[in-house]
Amino acid sequence: MSSVSGASSSGASSLAVDQPEETWQDWEEDESEGFKSLFGDARFPSLDGVLAHDAEAHGFNLRQYRAQLGLDQLGTIRLINYVRTAAAAGEDPLPALAAAAGGGAAPWEDDRYLQPALMDDELMLHDWEEEDETEAGTGGGSALGAAAATAAGSSGAAVGAAPELAALRRENQALRGMVEALRSAVLQHDEGMRELVAEAQGGGSSAGASTSAAASAPQQQGQQQQAAEQPRDEAAKRIDDSYFDSYSTFDIHREMLADKARTEAYRDALEKNPSLLRGARVLDVGCGTGILSMFAARGGAAAVVGIDGSAAIAKFARANVEANGLAASAGGPVTIVSSKVEELAALPLPAGAAGTAGTASKQQFGDQQQSGAQQAQQQAQQAQQQVDVLVSEWMGYALLFESMLDSVLHARDRWLRPGGAVLPDIARIYLAAASEAASGLDFWRDVYGFSMGAVRDSLWDDALKRAVVRVVSPQHLLSEPLCLQSFDLATMKPSDQDFTAPFRLTVGAGPQRCGALVLWFDTLFSDRFCKDHPVELSTSPYGPQTHWVQTVLLLKQPVEMVPPAAAAAAPPGAAVALAGQLSMTRSRQTHRSLDIVLRYAPQYADGTAGEEQVCIYGMGVEA
């Protein structure tokens, strides 16, 4: 469903998108929105500014806390996402943080906190380990360490009185924040302690107040959560409006229709499988211009309902159906509806036969005391609102971008009869190692004899934060493709879209320098449903080019690699494999956006592994 031109021209996408052919385009360096508070919407131009704000306003200093616990870069990323996630949900993370500082369990250790809670999070992109090394190199150490050395009268301190005093102040500030967090945690759960504290503060007996506060706590928490969710709901609506508006223009639909690999795959699946389509009821989710609905009609469907969330394009789909004599209003099988599938109350299916499955019902209606006539009536009503085939061209860049699959699965669970067909029914994501040339950044090294390194450097920095969508030549791939994840559209849950998968890639020749990883996908109209004529639609670099092209993840640290068989003659430092994990999740922060987290490390012939790198890429839809 994604379109290169649509995404770049509509203003609805923040991906780094390259055109299929190298062209001159205006470019503009992104302006950072600054460092955002972990607990609210306040933003600051500097790291020190946001840390000071959070310490003063919320009693938590991230720099102090990670130093105390000895967190590395990965641990700090998890911590940041944990705090942001809790704060966004209206929860107070401070009691759990205080407990972890006292030796308790660290709630951020779950790998789900590798997924960014905030896109382009400057706190997360900051190199904390480099900061540690800088402090260690200058003899500063952590603030807690400096304070301890001063208290012990250490004569070897490499810092003067002013830095020591500043360190002590920072330590005092952090400790006060932790004490306040512990106090809050105790008061929340211990009524007797609340009374003692109230009396110590001159408030006298506070039994009634404590009981009232305890009783109102759940209500306050609910109000906080509701207040936190309201802006996200409003933002999601704006993004949905922008998303559907981007599909109301003709250019994006021309590009998709002109994608022969895509369009002919759907045509063949719908027109060359008469045992599935003849006499069937079909639901087309995201019908666009109506092309798939008309394919289904030409394939022998008895009734077809096409749904699209864009009222503008649905109007033209309706006109296209009418112009080709297929409209239900004129005796044809196709009806076009303008609606989000989640908001549709009923399908405008004709009365009469219930499709190819008779009156099979998806649920058991009524209890044992109902009469057979009542049950039969309910089953007939249910069957009247069910379809035999659900078809949709829902795929986005890297398969899952734009989160349209959520709508398809909703339609499947709401409208598809038991045993009904989902087209396509299988989707697979592939991963391969590639040279840096796959990113297209080499273009800027020599532009008509001139070096444009500043442009390249800017695009490089951006590509380390955002996935790059572009055509990848097979000659730039270094490894065999690996099937990273497979989805069964007939049985999967919406939550299955959020996954973490391991990988291990080796090169076939070498030495070679791996500077990027490349993602693409295949979808299958398998013989489970398309028994007459199975079809496969591939977006592989080795096949015909599609409008989805490929998705490139630039590596923060390139890796020199040799084939495992050539390890004995490998140059020093060359790896025999690249191994790690790749996670994809629907963004919790921005509706319809996709977060990709890559963890990778070189593996050497002696069984050891190099330093692990973590890269976080966004694929964003914006209002």
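So, here's what we can say about the structure. Model, not experiment: these values are computed from the prediction. (Residues numbered from 1 in each chain as written. Predicted model: local features only at pLDDT ≥ 70, side-chain atom pairs only at ≥ 80, totals over all residues. Heavy atoms only, no water.)

**What to know about the sheet that holds strand β12 (residues 499-505)**
Working step 1: Sheet architecture is open: 4 strands sit in the order β12-β16-β17-β18, paired in antiparallel fashion. Each of the sheet's edge strands pairs with one partner strand only, and the pair in question is β12 and β18 (613-619). Here the average twist between neighbouring strands, direction ignored, is 20 degrees.
Working step 2: One ladder, built from 7 bridges, connects β12 with strand β16 (residues 577-586); its direction is antiparallel. Each residue of the ladder has a partner; that of R504, found in β16, is A579. (Pairing = 2+ DSSP bridges. Helix = DSSP H or I, 4+ residues; strand = E, 2+ residues; numbered from the N terminus. Axes fitted to C-alpha atoms, helices over the stretch in contact; angles between N-to-C directions.)

**Some thoughts on the pairing of strand β17 (residues 594-603)**
Working step 1: By the criterion of burial, β17 is predominantly enclosed, with 9 of the 10 residues buried.
Working step 2: Across 7 bridges, β17 lies against β18 in antiparallel orientation. When the bridges of β18 are listed, D595 appears paired with G618. (Buried < 20%, exposed > 50% of the residue type's maximum accessible area, 1.4 Å probe, protein only.)

**Comments concerning the sheet that holds strand β6 (residues 334-338)**
Working step 1: Pairing in this open sheet of 5 strands is parallel, and the strands run β6-β5-β4-β7-β8 from one edge to the other. Each having just a single partner strand, β6 and β8 (416-423) make up the two edges of the open sheet. Recorded for the sheet is a direction-independent mean angle of 20 degrees between the axes of neighbouring strands.
Working step 2: Here strand β4 (residues 281-285) runs beside strand β7 (residues 387-392); their pairing, made up of 4 bridges, is parallel. Looking at the pairing, V285 lines up with S392 of β7.

**Points about the packing of helix α13 (residues 260-271) against helix α15 (residues 291-298)**
Working step 1: One way to put it is that α13 packs onto α15 with a least axis distance of 8 Å and a crossing angle of 30 degrees. In terms of their interaxial angle, α13 and α15 are classed as roughly parallel. As for the relative orientation of α13 and α15, their crossing is right-handed in sense. Two secondary-structure elements touch here, α13 through T263, Y266, R267, L270 and E271 and α15 through L292, F295, A296 and R298. (Parallel < 35°, antiparallel > 145°, perpendicular 65-115°, else oblique. Left-handed = near helix turned anticlockwise from the far one by under 90°. Contact = heavy atoms within 4.5 Å.)

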